[in-house]
Amino acid sequence: MIAINKARGVAFECAIRYGLWLLQSLGIDNKKANRSYCPELFAVLDQHLDTKYEKSKYILAIYGRWFPWLYLLDSAWAKANSTTLFSFESPLNAYSMAAWNAYLMYCQPYDNIFDLIKQQYLDAVNRLSENYEGSDEKPASRLIDHIVLFILRDKIQPSSPIINALYKTANLKIRLHIISFMGRLLNKSVIETAMQFWEFRVNECNKLNDWNELAKFGYWVNTEGLPKEWMFKQATFVLEKTRTILPSHRVVETLVDLCPDYPQETFNIFRLIVENK
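Just so it is clear, the structure is predicted and the values come from calculations on it, not from any experiment. (Residues numbered from 1 in each chain as written. Predicted model: local features only at pLDDT ≥ 70, side-chain atom pairs only at ≥ 80, totals over all residues. Heavy atoms only, no water.)

*Asks:* What should I look at first to understand the overall build of the protein chain in this one?
*Replies:* Within the protein chain, the secondary structure is distributed over 15 helices and zero strands. Each principal axis of the C-alpha distribution contributes one length, and for the protein chain these read about 70 × 40 × 35 Å. Split into buried and exposed, the 277 residues of the protein chain put 50% on the buried side. Across the protein chain, contacts joining residues at least 24 apart in sequence account for 68% of those joining residues at least 6 apart. Only carbon and sulfur atoms are counted for the fraction: they give 51% of the accessible area of the protein chain, which is about 14,000 Å². (Helix = DSSP H or I, 4+ residues; strand = E, 2+ residues; numbered from the N terminus. Buried < 20%, exposed > 50% of the residue type's maximum accessible area, 1.4 Å probe, protein only. Contact = heavy atoms within 4.5 Å. Areas by Shrake-Rupley, 256 points an atom, 1.4 Å probe, with all protein chains shown as cover.)

This is the structure we're talking about:
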């Protein structure tokens, strides 16, 4: 998708790496970094960001791939050009999609970058396809992963426009992925936030009288620090409403470990699993 193995793409990435090397070599504080210490690099960046000059969407993808580091090199430049780079309005759509997809596929979700391009995340959510397949290799899946991480960091609240838009467009595959991916990320530091989000989704499912998106609660059950009473209550609720809990092997393994300390609770869960087969 990105022109890493093409000569122009490699050269462009080398130019950005040169700027980062220069930043480190000169000992410039990240907060004070700007284009003045490397004007030759930013002259190239300015020139190739203009699609009247640069006709290759693959070069624009390099901007997306390296956007967090371009922000590091000059946050003011990144802020001033983020809308141009990630503008999904025609006729720039193809260029922006190349940059945006590369950003999602190759960049970790950084809080400062989210603050800068929050609107672009919302725009991307509004474009989520109903044909979402849930492949880890697809930008749509990476978009959901980013959002889940920002939820756990309290950067995105359940009442936010992004979440509202997400659940207006999200099909069942997306909703299941949100629950399963959040469960795989759980640790002691984010349990409270995750539990609040779970309760939010349970309430919404109750309003819709549809609880299928909760079926992958099995990814949550063996999380260290998750209150056991709460976990048993939610697992019971999921089994009663959806007649399944996935992945079942993880649930069974966890119940076996918990059985000596919680015999009645584990028996109840086992009974529901067997009865629903």
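This is not the end of the story, as more comes after the structure.
*Asks:* Where do I start with helix 10 (residues 161-169) in this structure?
*Replies:* The α-helix winds at 3.6 residues per turn, so residues separated by three or four positions along the chain end up facing the same way. Among the residues of helix 10, I162, I163, A165, L166 and Y167 are the ones counted as buried. Elements that come into contact with the buried residues of helix 10 comprise helix 7 (111-116), helix 8 (118-126), helix 9 (139-152), helix 11 (172-185) and helix 12 (191-208).

*Asks:* What is the right way to look at the environment of L70 in this model?
*Replies:* Assignment of secondary structure puts L70 in helix 4 (residues 67-73). Residue L70 is classed as buried on the basis of its relative accessible area, which comes to 1%. The spacing of L70 and D50 is 20 residues in sequence and 16 Å in space, taken between C-alpha atoms. With residues near it in sequence (within four places) discarded, L70 still touches I16, L45, Y63, W77 and A78.

*Asks:* Help me out: how do you make sense of the packing of helix 12 against helix 13 (residues 228-242) in this one?
*Replies:* A pair of packed helices is captured by two measures, namely the crossing angle of their axes and the spacing between those axes. Running from amino to carboxyl end, helix 12 crosses helix 13 at an angle of 25°, the nearest separation of the two axes being 13 Å. The angle between the axes of helix 12 and helix 13 places the two elements in the roughly parallel class. In the packing of helix 12 onto helix 13, the handedness of the crossing is left-handed. For the pair formed by helix 12 and helix 13, the contact residues are M195, W198, E199, V202 and N206 on the first element and W230, Q234, F237 and V238 on the second. (Axes fitted to C-alpha atoms, helices over the stretch in contact; angles between N-to-C directions. Parallel < 35°, antiparallel > 145°, perpendicular 65-115°, else oblique. Left-handed = near helix turned anticlockwise from the far one by under 90°.)

*Asks:* What is the right way to look at helix 13 in this model?
*Replies:* Counted at 1.5 Å a residue, the expected span for helix 13 with its 15 residues is 21 Å, and the 21 Å between its end C-alpha atoms agrees. Inspection of helix 13 places W230, M231, F232, Q234, A235, F237, V238, L239 and T242 among the buried residues, and these make up the whole buried set. In this structure, the buried side of helix 13 is in contact with helix 12, helix 14 (248-258) and helix 15 (263-275). Positive phi appears at R243, one or two residues downstream of helix 13, with a value of about 65°. (Expected span 1.5 Å × (residues − 1).)

*Asks:* Would you mind showing me how to read the packing of aromatic side chains here?
*Replies:* Centre distance and the angle of the planes are the two values used to describe a pair of aromatic rings. One pass over the full model with this rule turns up 21 aromatic pairs. Aromatic pair W66 and W69: ring centres 5.7 Å apart, planes at 65°, arrangement edge-to-face. Overall, W66 belongs to the buried group, its relative accessible area being 5%. Centre to centre, the rings of W69 and Y110 are 6.3 Å apart; their planes meet at 85°, and the pair counts as edge-to-face. Here W69 is found in helix 4, whereas its partner Y110 is found in the loop between helix 6 (93-106) and helix 7, with 41 residues between them in sequence. Y110 sits in the partly exposed class, given a relative accessible area of 34%. Linked through ring pairs, F67, F86, W100, Y103, F114, Y121 and F150 together constitute an aromatic cluster. (Phe/Tyr/Trp six-rings, centres within 6.5 Å; stacked < 30°, edge-to-face > 60°.)

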